[in-house]
Amino acid sequence: TVEPRATGQWAVQTDGTQRADSLHDRKADAVSRGRDLARNKQTELVIKNADGRIASKDSYGNDPRSTKG
């Protein structure tokens, strides 16, 4: 997940962990790091806006969707 922090930074955090993998001053840098991690772990990347709402999701590897397409 790429999400905003109260400090104004952007955090890249894996589900089930207590601490962020990395903190970034720019959202674009956090998204880039998040994509790299998601590709390596073959998981889903969730990107949030500054207000904390989900902006987009990208799946790398195990796609939970059961329909073709």
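Procedures and definitions
Residues numbered from 1 in each chain as written. Predicted model: local features only at pLDDT ≥ 70, side-chain atom pairs only at ≥ 80, totals over all residues. Heavy atoms only, no water. Helix = DSSP H or I, 4+ residues; strand = E, 2+ residues; numbered from the N terminus. Buried < 20%, exposed > 50% of the residue type's maximum accessible area, 1.4 Å probe, protein only. Polar contact = N/O pair within 3.5 Å; in protein donor to acceptor, adjacent residues only side chain to side chain. Contact = heavy atoms within 4.5 Å.

## Examining the environment of Tyr60
Positionally, Tyr60 belongs in the segment after β5 (54–59). When its relative accessible area of 16% is taken as the criterion, Tyr60 is described as buried. With 17 residues separating them in the primary sequence, Tyr60 and Thr43 have C-alpha atoms 5.3 Å apart. Here the side chain of Tyr60 touches Arg35 through a polar contact of 2.9 Å, side chain to side chain.

## Looking at the side chain of His24
Relative to the elements of secondary structure, His24 occurs in strand β3 (residues 22–24). Take His24: its relative accessible area is 17%, and that puts it in the buried class. There is a polar contact of 2.8 Å between the side chain of His24 and the side chain of Ser22. Residues in contact with His24, not counting those within four places in the same chain, are Gln9, Trp10, Val12, Asp29, Ala30 and Arg33.

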